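Geometric and topological summary
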Amino acid sequence: MTSPAATAARTGASTPSPAHDLGLLVLRLAVGLTMAAHGSQKLFAWFGGPGLDGTGQFFTMSGYPSGKAMAVVAGLSETLGGLGLALGLLTPLAGAAVLGTMVNALAVKWGGGFFAPKGIEYELLLTAAAAALTLTGPGRWAVDRLLPGLRRDRAAYGIAALALGLIVAFVVLLLRK
């Protein structure tokens with residue numbers, strides 16, 4: 001059995017540096033905890049959030065059927081996806097959950113320009129960060145390193161997860177009036 005460094009030297013690939021892994025950890029924590037906090041606002045009314053009733057009303061006003069059920073789906077996707085990203089746990093699926101939710105957020109805010117508070121800059125940044133983490137993997141300082149199938153960054157998992165997140169997001173958008 002060869003070490004990752006020996007394999008990298010033989011194939012010409014570079015071994016990620018500790019700085020690379022630290023950068024991914026910082027990005028995962030920032031994006032993941034931000035998304036988990038947003039989901040907690042929806043689910044539990046934490047951090048000054050509207051809770052399920054208020055979020056459900058917003059979803060209904062935004063044209064989604066069954067606003068409260070959509071609030072539960074969005075809240076769980078953001079909370080669990082965010083925590084998964086922060087921990088580096090099932091990173092491709094966590095990234096897909098965040099990506100799908102953020103594509104819908106972009107659709108709702110579309111037309112308000114680019115810059116905050118009515119624009120899409122914030123949502124676009126979170127969407128791009130989730131996609132980047134889904135494709136790159138969590139780095140070495142992640143729970144995924146303990147899971148046999150996810151020990152190494154697997155591009156196919158990231159691409160499949162992005163496709164899944166986009167497909168589900170667009171199906172949900174088709175339900176919107």
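Residues numbered from 1 in each chain as written. Predicted model: local features only at pLDDT ≥ 70, side-chain atom pairs only at ≥ 80, totals over all residues. Heavy atoms only, no water.

Scanning the protein for helices and strands turns up seven helices and zero strands. Mapped in sequence order, the helices and strands of the protein form the string α-α-α-α-α-α-α. Here the protein holds 177 residues, and the buried ones make up 40% of them. In the protein, 64% of the contacts between residues at least 6 apart in sequence involve partners at least 24 apart. Accessible surface for the protein amounts to roughly 9800 Å². Of this, 73% is attributable to carbon and sulfur atoms. (Helix = DSSP H or I, 4+ residues; strand = E, 2+ residues; numbered from the N terminus. Buried < 20%, exposed > 50% of the residue type's maximum accessible area, 1.4 Å probe, protein only. Contact = heavy atoms within 4.5 Å. Areas by Shrake-Rupley, 256 points an atom, 1.4 Å probe, with all protein chains shown as cover.)

This part takes up the packing of aromatic side chains. As enumerated under the stated definition, the model contains five aromatic pairs in all. In this structure an aromatic cluster arises from ring pairing among F44, W46 and F47. (Phe/Tyr/Trp six-rings, centres within 6.5 Å; stacked < 30°, edge-to-face > 60°.)

Now for helix α2 (residues 18-44). With 27 residues, α2 should cover 39 Å at 1.5 Å per step; its first-to-last C-alpha distance of 37 Å lies within 8% of that length. For α2, the complete set of buried residues consists of D21, L24, R28, V31, G32, M35, A36, G39, S40, K42 and L43. Of the surrounding elements, those touching the buried residues of α2 are α3 (51-61), α4 (67-87), α5 (91-109) and α6 (121-136). Positive phi shows up at A45, right after α2, with a value of about 60°. (Expected span 1.5 Å × (residues − 1).)

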